[in-house]
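A structural walkthrough
For reference, the chains in residue letters:
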Amino acid sequence: MGIIHNEDLYSDFLAQQIQGFNLTKVIINQELTGVFNTATLQDMRDILKMYKIYADGAEFATDTSSSDYSPARWHSRQIKQLIDKEARFMFSVMPEFTLNDISGSNDNTRLNPNQKLLKKVLQANRVSGKLVRAAKDCLIGKRIAIAVNFNDESGVTISFIPSLEFVYETDPANVDKITKFIQFYSTVENDEKNQQRIYKKKWELGEDGFCYVTEGIYDGNGVLQEEILTNEKTLFEYIPVSVVVNEGLTGDPFGASDILALEDSESWYSKLSSKDIDSLRKGADQITYLMDVDPQATKDLSRAPGALWDLQTDPAHPDKTGSIGSLDNSMAYSTALDTTLGRIRSSMYAMLDVPDTSNEALQGIITSGKTMQAIYWGLMTRCNEKMLDWTPAFENMVYTIIEGCKLYSNVYKQYGTEPLVDEYSVTVENNYPIMQDDIEEKSSDMMEVNAKVMSRKSYMKKWRNLTDKEADIEIKQILEEQQMLEQENYPAENIEFDEEDLDEEDLEEEELDEEIEEEEEFNPEETELFKAIEEIERSLS
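Residues numbered from 1 in each chain as written. Predicted model: local features only at pLDDT ≥ 70, side-chain atom pairs only at ≥ 80, totals over all residues. Heavy atoms only, no water.

Turning next to the nonpolar core. Of all hydrophobic cores here, the largest spans 99 residues; its most connected members are Phe181, Trp390, Phe394 and Met397. With residues up to four places along the chain from it excluded, the contact list for Met397 reads Phe97, Leu122, Ile146, Val148 and Ile158. (Core = buried A, V, L, I, M, F, W, Y, C linked by side-chain atoms within 4.5 Å. Buried < 20%, exposed > 50% of the residue type's maximum accessible area, 1.4 Å probe, protein only. Contact = heavy atoms within 4.5 Å.)

This is the structure in structure tokens:
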């Protein structure tokens, strides 16, 4: 079995994307008309170009003036490294989805059924593992969609849909309200359109305000081959899909790719690096020159190491002596080239606010938690800006999961039986994989506790990972011990221990202590015997 190179994998991926786009153009033409159709198709062609740059690297022109050698074409793929770093920084640590009680109830467990449902659905769909890949698609392909589906068999499914597999329309009066969403992708690829198969699913708001779903399999000509659902009414009064648009301007439905700003820089970086490789190739194979040497003696000269050449002076120039030499590449341009490549690389990192954390860049810098936060501050701010678009989509996803399970009780049975409650809000908090100074943060929190602006219970839950019940027990024990130390005549019987709070090991130790105490109880007979022995010893003395 041969070795599969990354370049081959990228080429296969791009080939599938291009072929899939060619197949699904007929679906786009059916659903979108007019100027928006033309703009959408052109935008998708641009997205294909962005994916190609991400996978293969930016294109650059080579020097074709010489025909005696093939110039090097080395693609540095700096863009891929930067996009991967940005996506990993955003979502390599799963964001926290928290439900907040807004009913005013004092019951801290009221939202437990909703929270348990959310946790089970996210784990079943492996959202944590899909987020980084979804972020890459969004950074490259300008936008991404998050769809929530409900099925009696598969339960609640969450799909992250790349931009090449969907189109959508919004309300002219409200660009945030989706009125039609079409998902499509190629299932069977074939040269003959009649044999091609395309899956299509359409969500659309009806005149009655409810969402209707149509689903089917089409051929390459856009002819329906298999009908799955036909304009089926759902219980949703909105389309359960959110679209995350990467950057872009107000009213822009397409978004912008992070790759576009980096294309020229990587093109020059790869071009200069390739010319450097060509120079090394020429320098490694030294140019050997002969002067006033007999042409007959230079035929079939060996280039092997240690070869012996028997050369003669050219008879046509008897007054001269033949000589041999070589031209070496001094590489005098290396310093200037390194400076230029470093400047290009730094500008690419600066465009995405990604810090250069290589060993050379961090040399001499103390990498404490605060220092690393300062180094990553620009990237954190950039990611916070992007989260302004991701957060509403996440909130809508969570809301759809919970409200959808209320509407489709048969689906909810797969996850729980406790009734789901209303009056809650959703909080999304992103977590960045950056080193923290826990000791300093603990000291700061302790000062807040002493200043009575932070509760002891919150401190214990944060730093000791205690539950509400465990924190209450710990606080009660602290109060008891304080009373014991502050009051000299504190009655011991006031100290109460709840056996339920003791684990099995504590109970075993307590039983063992009781057995030892029973064995050491006072015995009157043993005391009389000791007295008799003492009297006998005194009489003998």
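Each pair of aromatic rings is reported with the distance of its centres and the angle of its planes. On inspection of all chains with the given rule, the structure shows 15 aromatic pairs. Taking the centre distance of 4.9 Å and the plane angle of 10° together, the rings of Phe89 and Tyr432 count as stacked. Of this pair, Phe89 sits in helix H3 (residues 78–91) while Tyr432 is found in the loop between strand S12 (424–429) and helix H11 (438–450), placing the two residues 343 residues apart along the sequence. Relative to Tyr408, the ring of Phe150 has its centre 5.8 Å away and its plane inclined at 20°; by these criteria the two rings are stacked. (Phe/Tyr/Trp six-rings, centres within 6.5 Å; stacked < 30°, edge-to-face > 60°. Helix = DSSP H or I, 4+ residues; strand = E, 2+ residues; numbered from the N terminus.)

Right, let's talk about unusual backbone geometry for a bit. Non-glycine residue Arg77 carries a positive phi angle of around 55°. Since its relative accessible area comes to 18%, Arg77 is described here as buried. The backbone phi angle of Arg126 is positive, close to 50°, even though this residue is not glycine. Along the chain, the position of Arg126 falls in the loop between helix H4 (112–124) and helix H5 (127–141).

Let's shift gears to the pattern of salt bridges. Charged atoms that come close allow side chains of opposite charge to pair. With the rule as written, the count across this model stands at 29 salt bridges. For Asp468, the salt bridge is made with Lys457, and the minimal N-O distance between the two is 3.9 Å. Residue Asp468 is located in helix H13 (residues 468–486), and its partner Lys457 is located in helix H12 (residues 456–463); the two are separated by 11 residues in the primary sequence. Take Lys457: its relative accessible area is 25%, and that puts it in the partly exposed class. The structure contains a network of salt bridges with shared partners spanning Glu31, Glu169, Lys180, Lys200, Lys202 and Glu204. (Salt bridge = Lys/Arg side-chain N within 4 Å of Asp/Glu carboxyl O.)

Let's shift gears to the sheet that holds strand S7 (residues 211–218). Ordered in space as S4-S5-S6-S7-S8, the five strands form an open sheet in which the pairing is antiparallel. Where the open sheet ends on each side, the last strands, each with one partner, are strand S4 (166–171) and strand S8 (224–233). The sheet shows a mean angle of 10° between the axes of neighbouring strands, taken without regard to direction. Bridge count for strand S6 (residues 197–205) against S7 is eight bridges, and the pairing is antiparallel. Residue pairing for S7: Ile198 is matched across the bridge by Tyr218. (Pairing = 2+ DSSP bridges. Axes fitted to C-alpha atoms, helices over the stretch in contact; angles between N-to-C directions.)

Looking now at a nonpolar patch on the surface. Judged by side-chain polarity, Ile287, Tyr289, Met291 and Leu327 come together as a nonpolar surface patch covering roughly 390 Å² of accessible area. Looking at the element boundaries, Leu327 is found in strand S11 (residues 323–327). (Patch = residues over 30% accessible without salt bridge, like charges linked within 9 Å, V, L, I, M, F, W, Y side chains within 5 Å. Areas by Shrake-Rupley, 256 points an atom, 1.4 Å probe, with all protein chains shown as cover.)

Turning our eyes to something else, we now look at empty space enclosed by the protein. Scanning all chains against the criterion turns up two cavities of 30 Å³ or more. Each pocket or cavity is described by its volume, and for the largest cavity that value is around 60 Å³. Elements with a contribution of two residues or more to the lining of the largest cavity: helix H2 (34–56) and S4. With three residues, the top contributor of residues to the lining of the largest cavity is S4. Classifying every residue of the lining of the largest cavity gives six nonpolar, one polar and one charged. Taken as a whole, the second largest cavity holds about 30 Å³ of empty space. Around the second largest cavity sit Cys138, Leu139, Val244, Val245, Asn246, Glu247, Lys386, Asp389 and Trp390, which together line it. Only H5, strand S9 (241–245) and helix H9 (377–407) provide two or more residues apiece to the lining of the second largest cavity. Broken down by element, the residue count for the lining of the second largest cavity peaks at three residues, all from H9. (1 Å grid on protein atoms, 1.4 Å probe; cavity = no way out; pocket = protein on both sides within 12 Å on 5 of 7 lines; lining within 4 Å. Points joined across faces, edges and corners; volume = space filled by probe spheres on them. Nonpolar A, V, L, I, M, F, W, Y, C, P; charged D, E, K, R; others polar.)

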